[in-house]
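Chain and residue survey
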Amino acid sequence: MRTHEQTVQQQFDPRAEAYLTSAVHSAGPDLDCARELVEKTLGRGDAALDIGCGAGHLAFALAPLVGRMVALDPSPSMLATVSDSAAQRGLQQIEVRQGNAESLPHANESFALVGTRYSAHHWRRLESAVGEMRRVLVPGGHALIIDTVGAADPLTDTYLQSIELLRDVSHVRNRSRSDWHLLLRSAGLIELEYREWPTRLEFSSWVARMRTPADRVAVIRGLQEAAPREVREALGLEADGSFTLRTGLFWLRKVS
Ligand SMILES: C[S@@+](CC[C@H](N)C(=O)[O-])C[C@H]1O[C@@H](n2cnc3c(N)ncnc32)[C@H](O)[C@@H]1O
C-alpha cells in the first residue's frame, strides 16, 4: 500500500514536461503580482526558496530579482526539468533541491523569501509545512503563498474537492481563505496583502495533464451533471466540463 508521499511522486514524476508547457502554470496575473511584490521588497543579494517548484514557473519569475533561488520538490524529474530550463534561460541563481514542505532540508533563518505556488493543496500536513516555512525565514522575512482556494459554500466545496480528488489522487484540499488566514496567523505569519483571481480550467487539458483514467473522467462528468444550479454557478461550470476556480495570493511577514 502506498503512502501519500509515494502517491505524490507517482502522480508528478512522469508529468514534468506537461507542467513546463501548461498554460495555467507558465503565466498568470499571480506571477505578475508576485514579481511586483518581490521587486519592491527584496534586495538583489537575498536568498529565496520555492517549495513544490514543479516545473519551476515561480522560481523562473522571481530568480532575476534575488541573489539565490532554491527550487525544492520531491520529484526528481521536476527538478531535472527545472535545471535544464534554468540553464536555457540563463538563470544561474537557481539551484535545485529534493525535499518535502513538511521537513525542509535547510537551517533556521536561511531565506529572506519563502514562496510556494499551486503546491500546498497536495501537502498532507499543512500546519507542519507552514511552521517549516516560518522556521527557515529570517526574522522579518517574507512568505508568498499562491494556491487555488476552496469555496466558502460547503456544498460547492464538497463538489470541488471531490472533482479534484477524482482527477488527481494526490489532491489533499483547497483551503478556504478563512482557513488559511487562521492557520497563517497562528503560525506567526502576518498577512500584508491578499489578492484573488479567477482561474479557468479547460477540462480536456486539465485531465490530460494528470492522465486521469477514463473511468474517473466519466465519474467527474457525472458529478458535474448532477450538480445543482448553485454549484454550477459558483464553479462557472461549462457544457464541456471546464470550470473556474479562484487563485489566492497571500503576502506575509514573519513576526518574532
Ligand atoms: C502543480 S505542481 C507545482 C507548480 C509550480 N509551483 C508552478 O508554479 O508552476 C505541484 C508540485 O508540488 C509538489 N509537491 C507535492 N507535495 C509536496 C510536498 N509535500 N512538499 C513539496 N512539494 C510537494 C509536486 O511534486 C509538484 O511538483
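Here, the structure is the one placed above.
Described below are features of the structure shown in this document. (Residues numbered from 1 in each chain as written. Predicted model: local features only at pLDDT ≥ 70, side-chain atom pairs only at ≥ 80, totals over all residues.)

**Regarding the overall build of the chain**
- Counting its secondary structure elements, the chain contains twelve helices and seven strands.
- Its C-alpha atoms give the chain a radius of gyration of 18 Å, within 12% of the compact-globule value 18 Å for 256 residues.
- The buried share among the 256 residues of the chain stands at 39%. (Helix = DSSP H or I, 4+ residues; strand = E, 2+ residues; numbered from the N terminus. Rg over C-alpha atoms; globule rule 2.2 N^0.38 Å. Buried ≥ 20, exposed ≤ 12 C-beta atoms within 10 Å, placed from the backbone.)

**Quick look at the nonpolar core**
- The biggest cluster of nonpolar side chains holds 57 residues, and the ones touching the most others in it are A59, L62 and V82.
- Among residues more than four places away in sequence, those in contact with A59 are D50, C53, M69, A71, V82 and I94.
- In this structure, I163, L201, W206 and V231 belong to the second largest nonpolar core, which totals 13 residues. (Core = buried A, V, L, I, M, F, W, Y, C linked by C-beta atoms within 7 Å. Contact = placed C-beta atoms within 7 Å.)

**Brief notes about the site of the ligand**
- In the vicinity of the ligand there are 23 residues, among which G52, G54, H57, A101 and S119 approach most closely.
- Sorting the residues of the shell around the ligand by element identifies α1 (4-12) and α5 (57-62) as the ones contributing at least two each.
- Broken down by class, the residue content of the shell around the ligand amounts to twelve nonpolar, eight polar and three charged. (Near = placed C-beta within 6 Å. Nonpolar A, V, L, I, M, F, W, Y, C, P; charged D, E, K, R; others polar.)

**Focus on the sheet that holds strand β4 (residues 111-117)**
- Spatially, the seven strands line up as an open sheet ordered β3-β2-β1-β4-β5-β7-β6, and their pairing is mixed. The open sheet is flanked by β3 (94-98) and β6 (189-201), the only strands paired with a single partner. Sheet twist, expressed as the average angle between the axes of neighbouring strands with direction ignored, equals 15°.
- Here β4 runs beside strand β5 (residues 137-149); their pairing, made up of six bridges, is parallel. For R117, the partnering residue across the bridge sits in β5 and is I146.
- Lying on the sheet, helix α7 (residues 126-136) is in contact with β1 (47-51), β4, β5, β6 and β7 (243-254); it crosses β5 at an angle near 145°. (Pairing = 2+ DSSP bridges. Axes fitted to C-alpha atoms, helices over the stretch in contact; angles between N-to-C directions.)

**Here's the deal with unusual backbone geometry**
- Of note, E109 is a non-glycine position whose phi angle comes to about 55°, a positive value.
- With respect to the helices and strands, E109 occurs in the loop between β3 and β4.
- The class for E109 is partly exposed, based on 13 C-beta atoms found within 10 Å.
- In this model, R211 sits at a positive phi of 45°, which is unusual for a non-glycine residue.
- By secondary structure assignment, the location of R211 is in the loop between α10 (203-209) and α11 (214-226).
- R211 sits in the exposed class, given 11 other C-beta atoms within 10 Å.

**What to know about the packing of helix α8 (residues 154-167) against α11**
- Look at α8 against α11: their axes get within 9 Å of each other, and the N-to-C directions meet at 165°. In terms of axis orientation, α8 runs roughly antiparallel to α11. As for how α8 packs across α11, the hand of that crossing is left-handed. Taking contact as the criterion, the partners of Y159, S162, I163, L166 and R167 in α8 are, on α11, R216, V219, I220 and L223. (Parallel < 35°, antiparallel > 145°, perpendicular 65-115°, else oblique. Left-handed = near helix turned anticlockwise from the far one by under 90°.)

**Some words on α8**
- Between its first and last C-alpha atoms α8 spans 20 Å; for 14 residues at 1.5 Å apiece the expected length is 20 Å, and the two agree.
- Among the residues making up α8, those that are buried are Y159, L160, I163 and L166. Projected onto a plane normal to the axis of α8, the buried residues spread over an arc of 135° and lie on a single side.
- Looking at the buried positions of α8, the neighbouring elements they touch are α11 and α12 (229-235). (Expected span 1.5 Å × (residues − 1). Arc of directions from axis to C-beta.)

**Observations concerning the pairing of β4**
- Most of β4 is tucked away, with seven of its seven residues classed as buried.
- The parallel pair β4 and β5, bridged by α7, forms a crossover whose chirality is right-handed. (Right-handed = clockwise from strand over helix to strand, strands pointing away.)

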